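The lines below spell out each chain.
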Amino acid sequence: MKSLLIKSAIASGVVLSLATVTCPVMAASFSVTIENAGAQNANLSNLVNAHVETFDGETQGYSATGFQWNEGSKNIGSYQNTLVVNADQYGGAGGKDKYFDVDTNRSGNGQKVSTLNLQTPQSYFGLWWSAGDANNVMTFLSQGQTVFSMTTADVVSYIANLPNKDSYYGNPNSTFKNQNTGEPYAFINFYDVGGTFDQIQFTNVGGSGFESDNHTVATGYKSITGDVVTQAVPESSSVLGVFAIGFVGAASVMTRRVKKKSVLQLS
């Protein structure tokens, strides 16, 4: 019994060690929040070294090669497989200029995924998600490895349960006020807690669109703002944690059995 207990303790220690040394890329957790209804911009005062892409200076239409995201002489990143659309009831912050879309039908080129490659690692991303539906997927990667992925069905479900849900539905801008009332409009924040990412994939599943504007990145943030939609820890880390807890629990049970047996012998 003692030998089995020792072996279990050793196994537990090994698993805990593995959990500790798991690759940092997969150790980060994400907190996803939304701002109050009507908000179309990130809370810049909360962000460190933030940059915003409004798409207003980009060429309208579809481009397989995409475009560079530059601010003055500084390169923030590059977009690939892009579709830029003039403001309408489905998008365009402030009801004007242009916005970003992933839409097979509009692009005419079978576009289903667009990619943002960032020049330097970031820990925050935000976007004004307009004409929202449950078919949009956001995937964050670091050095080619996925660190977080989420479908906007979570956001749709969250908004649907809010007491003021109606305030999120329909275009909030005066130019297109109350048009497209069947879909939500919200600014979504993605906080990488304790980690970073250098690539974002925007995927639209099905025949709808993935409209967004005011893409915002930041290397840091002061706090997590907005109402929390979901908080997630990558599966690899959580699985290791479960195994570790299981081993520790097994060791604890066997220890209690040894003690119980000793008590019985004494009596």
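Residues numbered from 1 in each chain as written. Predicted model: local features only at pLDDT ≥ 70, side-chain atom pairs only at ≥ 80, totals over all residues. Heavy atoms only, no water.

Draft legend 1. View of the packing of aromatic side chains. Inspection of the entire model under this criterion finds 20 aromatic pairs. Each ring, one from F30 and one from F140, has its centre 5.1 Å from the other, and the planes form 45°; the classification is tilted. Within this pair, whereas F30 is found in strand β1 (residues 29–34), its partner F140 is found in strand β10 (residues 136–142), the two being separated by 110 residues in sequence. For F140, a relative accessible area of 0% translates into the label buried. (Phe/Tyr/Trp six-rings, centres within 6.5 Å; stacked < 30°, edge-to-face > 60°. Helix = DSSP H or I, 4+ residues; strand = E, 2+ residues; numbered from the N terminus. Buried < 20%, exposed > 50% of the residue type's maximum accessible area, 1.4 Å probe, protein only.)

Draft legend 2. Structural detail: the nonpolar core. Of all hydrophobic cores here, the largest spans 34 residues; its most connected members are F125, F140, F190 and F202. When sequence neighbours within four positions are dropped, the list of residues in contact with F140 reads F30, F125, Q145, T146, V147, F148, F190, F197, Q199 and I200. Within the second largest apolar cluster, ten residues are counted, among which are L47, Y124, W128 and Y191. (Core = buried A, V, L, I, M, F, W, Y, C linked by side-chain atoms within 4.5 Å. Contact = heavy atoms within 4.5 Å.)

Draft legend 3. Spatial organisation of the pairing of strand β4 (residues 67–71). As paired strands, β4 and strand β5 (residues 74–80) are joined by five bridges and run antiparallel to one another. Bridge assignment links Q68 to a residue of β5, and that residue is S78. Connecting the antiparallel pair β4 and β5 is a turn made up of two residues, with G72 showing a positive phi of about 65°. (Pairing = 2+ DSSP bridges.)

Draft legend 4. Quick look at the sheet that holds β10. Read across the sheet, six strands follow the order β4-β5-β8-β13-β10-β11 without closing on themselves; strand pairing throughout is antiparallel. Two strands close off the open sheet at either side, each with one partner strand: β4 and β11 (145–151). Looking at each pair of strands side by side, their axes are set apart by 20° on average, direction ignored. As judged from the six bridges shared by strand β8 (residues 113–122) and strand β13 (residues 197–204), these two strands associate in the antiparallel manner. Paired with L116 across the strands is I200, a residue of β13. (Axes fitted to C-alpha atoms, helices over the stretch in contact; angles between N-to-C directions.)

Draft legend 5. Spatial organisation of a nonpolar patch on the surface. A surface patch of nonpolar side chains, amounting to about 200 Å² of accessible area, comprises V193, I224 and V228. Inspection of the secondary structure assignment puts V193 in strand β12 (residues 186–193). (Patch = residues over 30% accessible without salt bridge, like charges linked within 9 Å, V, L, I, M, F, W, Y side chains within 5 Å. Areas by Shrake-Rupley, 256 points an atom, 1.4 Å probe, with all protein chains shown as cover. Salt bridge = Lys/Arg side-chain N within 4 Å of Asp/Glu carboxyl O.)

Draft legend 6. Representation of the environment of K96 in the model. Checked against the element boundaries, K96 lands in the loop between β6 (82–86) and β7 (98–101). Assessed through its relative accessible area of 53%, K96 is described here as exposed. Along the chain, K96 and T175 lie 79 residues apart, while their C-alpha atoms are 8.0 Å from each other.

Draft legend 7. View of the pattern of salt bridges. Applying the stated criterion across every chain, the model contains two salt bridges. Notably, a salt bridge pairs D88 with R106, separated by 2.9 Å at the nearest N-O pair. Of the two residues, D88 sits in the loop between β6 and β7 while R106 sits in helix α2 (residues 104–107), which places them 18 residues apart along the sequence. Looking at R106, the relative accessible area reads 35%, which means it is partly exposed. Salt bridges sharing common partners tie together D88, D101 and R106.

Draft legend 8. Region of the structure containing the side chain of D88. Exposure remark for D88: the relative accessible area of 12% places this residue in the buried category. For D88, the side chain forms a polar contact with the side chain of Y99, separated by 2.9 Å. Dropping the residues within four chain positions of it, D88 is found in contact with Y99, R106, N171 and F176. (Polar contact = N/O pair within 3.5 Å; in protein donor to acceptor, adjacent residues only side chain to side chain.)

Draft legend 9. Local environment of the confidence of the model for the chain. On average, residues of the chain score 84 in pLDDT, and 76% of them reach the 70 mark or higher. Scored below 50 in pLDDT, residues 4–27 makes 30 contacts in the model with residues more than four places away or belonging to other chains. Predicted confidence is poor over residues 236–267, with pLDDT under 50, and the contacts of this stretch with residues over four places away or in other chains come to 26 contacts. (pLDDT = per-residue confidence, 0-100.)

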